[in-house]
Amino acid sequence: MVAVLAFAGVVAAVMQTLVVPLIGELPELLDTTRSNATWVVTATLLAAAVATPISGRLGDLYGKRRIMLACSALLVAGSLVCALSTSVVPMIAGRALQGAAMGLIPLGISAMRDLLPPEKLGTSIALMSASMGIGGALGLPVAAAVAEYSNWRTLFWGSTVLAVAIAALIYFLIPATPVTARGTFDPVGAIGLGIGLICLLLGVSKGADWGWTSGTTLGLLVGAAVVLLAWGWFELRTRDPLVDLRVTARPVVLLTNLSSVVIGFAMYAQSLIVPQLLQLPTETGYGLGQDMLQMGLWMAPGGFMMMLLSPVGARISHARGPKTTLALGAAVVAVGYLAAVGLMGSTWGLLVAVCITSGGVGFAYGAMPALIMGSVPISETGSATSFNTLMRSIGTSVSAAVVGVVLANMTTTDFGGVPLPSESGFQVGLLIGAAVAAVAALLALLIPTRAAREAEERIEHAIDEVDAESAVAVRR
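To start, this report covers the structure provided alongside it. (Residues numbered from 1 in each chain as written. Predicted model: local features only at pLDDT ≥ 70, side-chain atom pairs only at ≥ 80, totals over all residues. Heavy atoms only, no water.)

Counting its secondary structure elements, the protein chain contains 19 helices and two strands. Across the 476 residues in the protein chain, those meeting the buried criterion constitute 54%. Here the analysis covers contacts within the protein chain between residues at least 6 apart in sequence; of these, 79% occur between residues at least 24 apart. Accessible area for the protein chain stands at about 19,800 Å²; split by element, carbon and sulfur atoms hold 68% of it. Computed over 24 positive and 25 negative side-chain charges, the inter-centroid distance for the protein chain is 9 Å. (Helix = DSSP H or I, 4+ residues; strand = E, 2+ residues; numbered from the N terminus. Buried < 20%, exposed > 50% of the residue type's maximum accessible area, 1.4 Å probe, protein only. Contact = heavy atoms within 4.5 Å. Areas by Shrake-Rupley, 256 points an atom, 1.4 Å probe, with all protein chains shown as cover. Lys, Arg positive; Asp, Glu negative; His and termini not counted. Charge placed at Lys NZ, Arg CZ, Asp CG, Glu CD.)

The structure is reproduced here in structure tokens:
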């Protein structure tokens, strides 16, 4: 079961980087403009952000295995549409369907709580969480190799075969999970959250292209704030909310989700900076002159490092608690960024820094679901885990915007008059990553210990009993 769920997570994560090697060629391949071609990537990001919390809630209500099969079907359909596309519109639609399948990862994590014995749960969750990094690291060199040595449609035919294999494995090898939640699905909450997230992520991801002070960008960001505030007001007053905000306001859940945003930022900053350093020409004095395939191969060991260290993180969580693992992981990420500042002059140096950072991310990614699932009712495992995954996605989007602004404003024209990110720009970006990771470590240290959490739960239970006794007295 663990192998199947982890494999599903890896394949879902591969979809995020599948088209990166094709970005430069997409305008010609799809007979469109460069601006329109960027929506092939943006559509996946938006669909994943919107669909993840929805699939989590549906998994709680109707069974996680059933919704994982639905996500697999979306992945099959999206891959087929992309493989058959001859223009940009169906390609965007197919990529959106692939993004919607990202719910496989949090659903798989939450299903483990239902299916596995407690002694195997920590290690399995850590491995499943690491699948996002493993898939992202493997997807880039594999996609680059296929794009260079084969037809680009092979990427999507291959993803179709993998998606069908995932559906079959889940159907035959994953038992049905118990339905633990009661109530009905919240369509108004789903629509409200979707609109708010689309406005927020569009404003953040396209702000650099449209201008941060443009009416479109500011309108989207203001609209996101208004819609999300209205959504929160509605969710607090509905009987069966999409996301139980009272549960997410618990100190453990709240601080873990805030840490997830910051860890997502720190993780993605590396993915934006290191590939550019590897691919810039050596004539710049700081670029390392690697092509796309070579760059992907230098980055790939980071994913394997996450996989190798995930059981170590699980043992630390078992001995010291996931709070300690999360704080340690964030601290290791900060060390990795600082190492990259000093080692950015060589490919081997960057490889070492990537492995250090990825190891820290592996610790953190394994600890966050454990903290969430240990603090929410079993009836809300899918919803809470999916919301935590959403927080990471928001962190990566903000990271792309911030690092993009830094690199766009710290440029040099010494290389043929063409503006390129300067060496100091990359150094500042890496130092920002280190600082943000340090903030994540501090947030993790603020998470209440088990004793404090148990005391808080006893107080809540006593209050509930008093309320129940008062209600009986009023009825009498």
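The next thing to look at is the pattern of salt bridges. In the structure shown here, the tally under the stated rule is three salt bridges. Linking Arg239 and Asp240 is a salt bridge whose minimum nitrogen-to-oxygen distance equals 3.6 Å. Here the salt bridges do not stand alone but share partners, grouping Asp60, Lys64 and Asp114 into one network. (Salt bridge = Lys/Arg side-chain N within 4 Å of Asp/Glu carboxyl O.)

This part covers the packing of aromatic side chains. Within the structure shown, the criterion is met by four aromatic pairs. Look at Trp298 and Trp348: their rings are 5.1 Å apart centre to centre, the planes differ by 85°, and that puts the pair in the edge-to-face class. On the criterion of sequence distance, the pair formed by Trp298 in helix H14 (residues 292-320) and Trp348 in helix H16 (residues 347-373) is long-range, its members being 50 residues apart. Under the relative-accessibility criterion, Trp298 is labelled buried at 19%. Classification of Trp348 by relative accessible area gives exposed; the value is 60%. For the cation-ring pair, Lys206 lies above Trp39, with the distance from its terminal atom to the ring centre recorded as 4.7 Å. Over the ring of Tyr365 we find Arg392, and its NZ or CZ is 4.4 Å from the ring centre. (Phe/Tyr/Trp six-rings, centres within 6.5 Å; stacked < 30°, edge-to-face > 60°. Lys NZ or Arg CZ within 6 Å of the ring centre and 35° of its normal.)

Let us now look at helix H10 (residues 187-210). Where H10 bends most, at Val204, the angle is about 40°. Remark: Gly211 follows H10 within two positions and exhibits a positive phi of approximately 100°. (Bend = angle between axes of the 7 residues up to and from the residue.)

Below, the discussion takes up the packing of helix H4 (residues 39-62) against H10. Running from amino to carboxyl end, H4 crosses H10 at an angle of 150°, the nearest separation of the two axes being 9 Å. When the interaxial angle is binned, H4 and H10 end up roughly antiparallel. Two packed elements cross with a definite hand, and for H4 against H10 that hand is right-handed. Residues Trp39, Thr42, Leu45, Leu46, Ala49, Val50, Pro53 and Ile54 of H4 touch H10, and the partners they reach there are Ala190, Leu193, Gly194, Leu197, Ile198, Leu201, Leu202, Ser205, Lys206 and Trp210. Looking at the contact of H4 with H10 residue by residue, the classes come out as 14 nonpolar, three polar and one charged. (Axes fitted to C-alpha atoms, helices over the stretch in contact; angles between N-to-C directions. Parallel < 35°, antiparallel > 145°, perpendicular 65-115°, else oblique. Left-handed = near helix turned anticlockwise from the far one by under 90°. Nonpolar A, V, L, I, M, F, W, Y, C, P; charged D, E, K, R; others polar.)

This next bit is on the nonpolar core. Ranked by size, the top nonpolar core spans 105 residues in total, and within it Met68, Phe156, Leu278, Leu326, Tyr365 and Phe426 carry the most contacts. Sequence-distant contacts of Leu278, defined by excluding residues within four places in its chain, comprise Leu288, Gly289, Gln290, Met295, Trp298, Met299, Thr347 and Leu350. (Core = buried A, V, L, I, M, F, W, Y, C linked by side-chain atoms within 4.5 Å.)

The next subject is unusual backbone geometry. A negative phi angle characterises most non-glycine residues, just as the trans form characterises most peptide bonds. Phi at Asp31 is positive, roughly 55°, even though this residue is not glycine. By secondary structure assignment, the location of Asp31 is in the loop between helix H2 (26-29) and helix H3 (34-37). Take Asp31: its relative accessible area is 72%, and that puts it in the exposed class.

Now for a nonpolar patch on the surface. A cluster of nonpolar side chains, namely Leu169, Tyr171, Phe172 and Leu173, defines an oily patch on the protein surface of about 440 Å² accessible area. By secondary structure assignment, the location of Leu173 is in helix H9 (residues 153-173). Here Leu173 falls in the partly exposed class, since its relative accessible area comes to 49%. (Patch = residues over 30% accessible without salt bridge, like charges linked within 9 Å, V, L, I, M, F, W, Y side chains within 5 Å.)

Spatial relationships are all this shows, so hold off on functional conclusions.
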